[in-house]
Amino acid sequence: MVCDNPEGGEVEIVHMPDFFKDKPAIETSQRHVHPFYEVIWFKEGEGKHYVDFDEYLVAPNTVFFIAPGQVHSFDGNTNAKGYVMKICNGLLSSEVLPHDSTLLKYNVFNAHDSVPYMTIKPEVSDTLTRIVGEIEHEQQNVSAIGHSDYLRALIKMLIIEFERSFEVVNKSLFSTSKISHKSFLIFRRDVEHNFRKLHSVKEYAELLNVSTKTLANYVSECSQFTPLEIINNRIILEAKRILRYSDAMLKEVAYELGFDDPSYFIKFFKRQVGCTPAEYRSSRTGMDS
């Protein structure tokens, strides 16, 4: 098993439809989470893929990017062809963002305010297929000199190719040479790492060693949301995941998300979502709106 098994590798690539035949239902049709990054490339076939609380149609050359902790599942259609690639969180270190990962740096995995997929063009598909083939080949060269470095470089190439396709679609690309963009990426990383205990803009501004006004300016340049909205949205996303996919008591949910007073968490949730956590949980059958 990749990542969470000491004997496993840093990358696992499984071909579809073999993936659906070989994996248990908990990794396919049942909604589940992973501690690793996952690239799901449907080269052929159609169907539906569920990510968190939304349903997405699968079409040829659709690529989904699933970050650790995201809930997802497939619709049971086992005829698709393509690749499921699992990548360990710690595989790629970033030269630009110390103690972070290339996978977190690039936007394809962490745009909570946009859809978690892209559709790639045939000419890009050919390039990506070659890189995937090189990764599979290198996985067999465990004892070769520079194996880890070479594998790491191939994964970076793959993610960068995806990012370039993403940039064409979204007409934007973060530049880590620009202080505002780099600071936004670090802020988003800090939110991902700390949203369970840090809830204020001031706390994140202090982590960045900037004023709250400066942080707001950086974020407004890179996002349609304010810093507080990004923080609150991440808390609510996790609250919805816990409420919908676990039987944890409301006070346990509150404490897990850093609220010492469960009643305040209930008010916060209702203000953000429009209903109480209990009301939201009672409607857990079906998809979220």
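Keep in mind that what you see is a predicted model, and the values were worked out from it rather than measured.

(A) Region of interest: the sheet that holds strand E7 (residues 81–87). Spatially, 5 strands are ordered E1-E7-E2-E5-E8 in an open sheet, and the strand pairing comes out antiparallel. Each end of this open sheet is capped by a strand with a single partner; those strands are strand E1 (11–16) and strand E8 (117–119). Neighbour-to-neighbour, the strand axes of this sheet turn through a mean angle of 15°, independent of strand direction. As paired strands, strand E5 (residues 62–66) and E8 are joined by 3 bridges and run antiparallel to one another. For Phe64, the partnering residue across the bridge sits in E8 and is Tyr117.

(B) Representation of the pairing of E5 within the structure. With 5 of 5 residues buried, E5 is to be regarded as a mostly interior element. Alternating positions in E5 separate into two faces, Thr62, Phe64 and Ile66 on one and Val63 and Phe65 on the other, with burial throughout. Across 5 bridges, strand E2 (residues 37–44) lies against E5 in antiparallel orientation. Bridge pairing in E5 links Phe42 to Thr62.

(C) Highlighting the sheet that holds strand E4 (residues 54–58). With antiparallel pairing, the 3 strands of this open sheet are ordered in space as E4-E3-E6. In this open sheet, the two strands that pair with only one neighbour each are E4 and strand E6 (72–74). When strand polarity is set aside, the average angle formed by the axes of neighbouring strands in this sheet is 25°. As paired elements, strand E3 (residues 47–51) and E6 share 3 bridges and run antiparallel to each other. Across the sheet, the residue bridging to Tyr50 is Ser73, located in E6.

(D) Summary view of the side chain of Ser183. In this fold, Ser183 is placed in helix H5 (residues 179–194). A polar atom in the side chain of Ser183 sits 2.8 Å from the backbone oxygen of Ile179. In this view, Ser183 contacts Leu208 and Tyr218; residues no more than four positions away in its chain are not counted.

(E) Summary view of the pattern of salt bridges. Taken as a whole, this structure holds 9 salt bridges when the rule is applied. We note a salt bridge from Glu221 to Lys178, for which the minimum N-O separation is 2.9 Å. Here Glu221 is found in helix H7 (residues 212–222), whereas its partner Lys178 is found in the loop between helix H4 (147–170) and H5, with 43 residues between them in sequence. With a relative accessible area of 40%, Glu221 lands in the partly exposed category. A residue is classified by how much of its surface remains accessible, and Lys178, at 41% relative accessible area, is partly exposed. Ionic contacts of the salt-bridge type, sharing partners, join the residues Asp52, Glu192, Arg196, Arg234, Glu238 and Arg241 into one network.

(F) Looking closely at the confidence of the model for the chain. Across the chain, pLDDT averages 82, with 79% of residues at or above 70. Summarising per-element confidence for the chain, the mean pLDDT is lowest in helix H2 (residues 102–105) (56) and highest in helix H6 (residues 201–208) (97). In the predicted structure, residues 285–289 sits below a pLDDT of 50 and forms 11 contacts with residues beyond four places in sequence or in another chain.

(G) Layout of the environment of Thr119. The topology assignment puts Thr119 in strand E8. Each C-alpha atom, one on Thr119 and one on Phe64, is 9.0 Å from the other, the two residues being 55 residues apart in sequence. The residues touching Thr119, leaving out its near neighbours within four places in the chain, are Pro60, Asn61 and Thr62.

What counts, and where the lines are drawn
Residues numbered from 1 in each chain as written. Predicted model: local features only at pLDDT ≥ 70, side-chain atom pairs only at ≥ 80, totals over all residues. Heavy atoms only, no water. Pairing = 2+ DSSP bridges. Helix = DSSP H or I, 4+ residues; strand = E, 2+ residues; numbered from the N terminus. Axes fitted to C-alpha atoms, helices over the stretch in contact; angles between N-to-C directions. Buried < 20%, exposed > 50% of the residue type's maximum accessible area, 1.4 Å probe, protein only. Polar contact = N/O pair within 3.5 Å; in protein donor to acceptor, adjacent residues only side chain to side chain. Contact = heavy atoms within 4.5 Å. Salt bridge = Lys/Arg side-chain N within 4 Å of Asp/Glu carboxyl O. pLDDT = per-residue confidence, 0-100.

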